[in-house]
Amino acid sequence: MEVVGTRPRKQQMTLYIGREASKLWKRICAEITAEINLLLENWKYLLAGLVLQYVHGLAAQGVHYLHRPGPVLQDVGFFLLPELGQDKGYISETLFTCVFISFVLWSFHPFILKSKRIYTVLIWCRVLAFLVACQILRIITFYSTQLPGPNYHCREGSKLARLPRPESVVEVLLLNFHGIGYGCGDLIFSSHMIFTLVFVLTYNKYGTQRCIKQLGWLIAVIQSLLIVASHKHYTVDVVVAWYTVNLVVFFIEKKLGELPDRTSGAGSFLLPVSTKEKDSRTKEENHKLLNGNSADPSDWRQRTQVNGKIGEDGNGVHADTGKSEA
């Protein structure tokens with residue numbers, strides 16, 4: 001009896017899972033359609049942002065050729081914070097990787113979750129604009145004055161402290177991704193803090209979970225301390241990043257204006273409308289017309305019905321009423 005009784009439940013569960021899976025697939029397809037339309041309109045901005053990421057990598061690699069190892073400068077952060085050591089330098093990199101991956105996953109969450117406050121393409125256009133502006137300022141500063149790197153591989157006696165001169169232009173234009181992690185000379189200001197603060201500021205404005213916003217700021221502070229404690233940057237690199245990134249994001253946000261908020265329906269025109277939605281809208285408009293309200297929201301005025309006739313603003317009594325009374 002128990003086996004027979006459980007079959008309908010299993011069938012209902014299977015139908016429910018299948019129905020939810022089909023809804024998820026339709027939502028993903030709708031999101032892809034909307035994002036492709038936005039990508040076709042904004043691909044130039046995304047491509048420019050990615051190209052400038054490559055330029056920033058070339059600039060950081062180029063300043064490594066100019067780096068001259070020397071004594072580590074006196075730094076207040078090195079005195080106040082315990083040194084992590086060369087063996088524990090991965091801690092700050094691990095935290096930064098988690099922040100990066102978490103932000104990327106969040107930016108693509110409308111494809112899976114029902115909360116659709118942002119468009120992925122528009123968010124990344126804005127994020128790349130923030131990053132590019134900060135990185136241009138960073139390139140100007142670390143080429144203006146080359147400081148001796150405080151990191152362990154940048155000190156005197158290390159083979160990685162100086163790069164041999166490139167033998168060809170191709171060698172200059174090819175990024176050494178292994179060498180990027182062991183770069184020297186690109187100090188003021190911290191690139192890791194640029195990405196971290198841009199991600200935190202973006203989620204702080206367009207995210208919905210208050211606890212995650214607070215956690216993001218806490219992680220940014222911890223990331224700052226870990227960068228200094230691992231001697232990857234001087235304290236000035238982190239301090240300059242904090243106020244520079246915040247100011248850059250503030251001014252660019254004012255220039256770019258607001259993104260369409262999908263929760264208010266401002267950007268719903270980008271999504272394809274299903275047949276059911278069209279039918280429901282048509283029924284709703286017909287219902288409003290029958291009740292004496294215009295389908296146009298701007299014409300929702302109060303109307304009064306007298307002897308089967310509809311008047312506006314409560315004063316529109318038809319002329320036939322006077323004859324009938326007579």
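Scroll up to find the structure this text is about.
What comes next concerns the included structure. Keep in mind that what you see is a predicted model, and the values were worked out from it rather than measured.

### Describing the state of the cysteines
Step number 1: For the structure shown, the criterion picks out one disulfide.
Step number 2: Residue Cys 154 pairs covalently with Cys 184 via a disulfide, S to S 2.0 Å. Residues Cys 154 and Cys 184 share a disulfide whose torsion about the S-S bond is about -90 degrees; that sign makes it left-handed. One end of the pair, Cys 154, is in the loop between α4 (120-144) and α5 (169-173); the other, Cys 184, is in the loop between α6 (177-180) and α7 (191-206), with 30 residues separating them in the sequence. Accessibility assignment for this pair places Cys 154 and Cys 184 in one class, buried.

### As for the nonpolar core
Step number 1: In terms of nonpolar packing, the biggest core is built from 44 residues, with Val 127, Val 198, Phe 199 and Val 245 touching the most fellow members.
Step number 2: Elements that contribute at least two residues to this core include exactly α1 (2-66), α3 (90-107), α4, α7, α8 (210-229) and α9 (235-256).
Step number 3: The residues contacting Val 127, other than those within four sequence positions of it, are Phe 103, Val 198, Phe 199 and Thr 202.

### With respect to the side chain of Gln 223
Step number 1: Within the secondary structure, Gln 223 is located in helix α8.
Step number 2: Note on Gln 223: relative accessible area 0%, which makes it buried.
Step number 3: If we skip the residues at most four places from it in the chain, Gln 223 touches Ser 92, Leu 95, Phe 96, Met 193 and Thr 196.

### Some remarks on a nonpolar patch on the surface
Step number 1: Side chains of Leu 39, Trp 43, Leu 47, Val 51, Leu 52, Tyr 54, Val 55, Val 169, Val 172 and Leu 173 sit close together on the surface and give an oily, nonpolar patch of about 830 Å² of accessible area.
Step number 2: Of all the elements in the fold, those that place two or more residues in the nonpolar patch are α1 and α5.
Step number 3: Considering each element in turn, the nonpolar patch owes the most residues, seven residues, to α1.
Step number 4: Within the element layout of this structure, Leu 52 appears in helix α1.
Step number 5: Leu 52 sits in the partly exposed class, given a relative accessible area of 32%.

### With respect to the packing of α8 against α9
Step number 1: It is at 8 Å that the axes of α8 and α9 come closest, and there the two elements cross at 150 degrees. With respect to their mutual orientation, α8 and α9 come out roughly antiparallel. In the packing of α8 onto α9, the handedness of the crossing is right-handed. Contacts between α8 and α9 involve Trp 217, Ala 220, Val 221, Ser 224, Ile 227 and Val 228 from the first element and Thr 235, Val 238, Trp 242 and Asn 246 from the second.
Step number 2: Taken together, the residues that form the contact of α8 with α9 break down as seven nonpolar, three polar and no charged.

### Some thoughts on the packing of aromatic side chains
Step number 1: Using the criterion set out here, one finds 15 aromatic pairs in the structure.
Step number 2: Centroid distance Phe 103 to Trp 124: 5.6 Å. Interplanar angle 80 degrees. Geometry classified as edge-to-face. Here the residue Phe 103 occupies a position in helix α3, and Trp 124 occupies one in helix α4, the gap between them amounting to 21 residues.
Step number 3: Aromatic ring contacts, followed pair by pair, group Phe 96, Phe 100, Phe 103, Trp 106, Trp 124, Phe 195, Phe 199 and Tyr 203 into a single cluster.

The rules behind each value
- Residues numbered from 1 in each chain as written.
- Predicted model: local features only at pLDDT ≥ 70, side-chain atom pairs only at ≥ 80, totals over all residues.
- Heavy atoms only, no water.
- Disulfide = S-S within 2.5 Å.
- Helix = DSSP H or I, 4+ residues; strand = E, 2+ residues; numbered from the N terminus.
- Buried < 20%, exposed > 50% of the residue type's maximum accessible area, 1.4 Å probe, protein only.
- Core = buried A, V, L, I, M, F, W, Y, C linked by side-chain atoms within 4.5 Å.
- Contact = heavy atoms within 4.5 Å.
- Patch = residues over 30% accessible without salt bridge, like charges linked within 9 Å, V, L, I, M, F, W, Y side chains within 5 Å.
- Areas by Shrake-Rupley, 256 points an atom, 1.4 Å probe, with all protein chains shown as cover.
- Salt bridge = Lys/Arg side-chain N within 4 Å of Asp/Glu carboxyl O.
- Axes fitted to C-alpha atoms, helices over the stretch in contact; angles between N-to-C directions.
- Parallel < 35°, antiparallel > 145°, perpendicular 65-115°, else oblique.
- Left-handed = near helix turned anticlockwise from the far one by under 90°.
- Nonpolar A, V, L, I, M, F, W, Y, C, P; charged D, E, K, R; others polar.
- Phe/Tyr/Trp six-rings, centres within 6.5 Å; stacked < 30°, edge-to-face > 60°.

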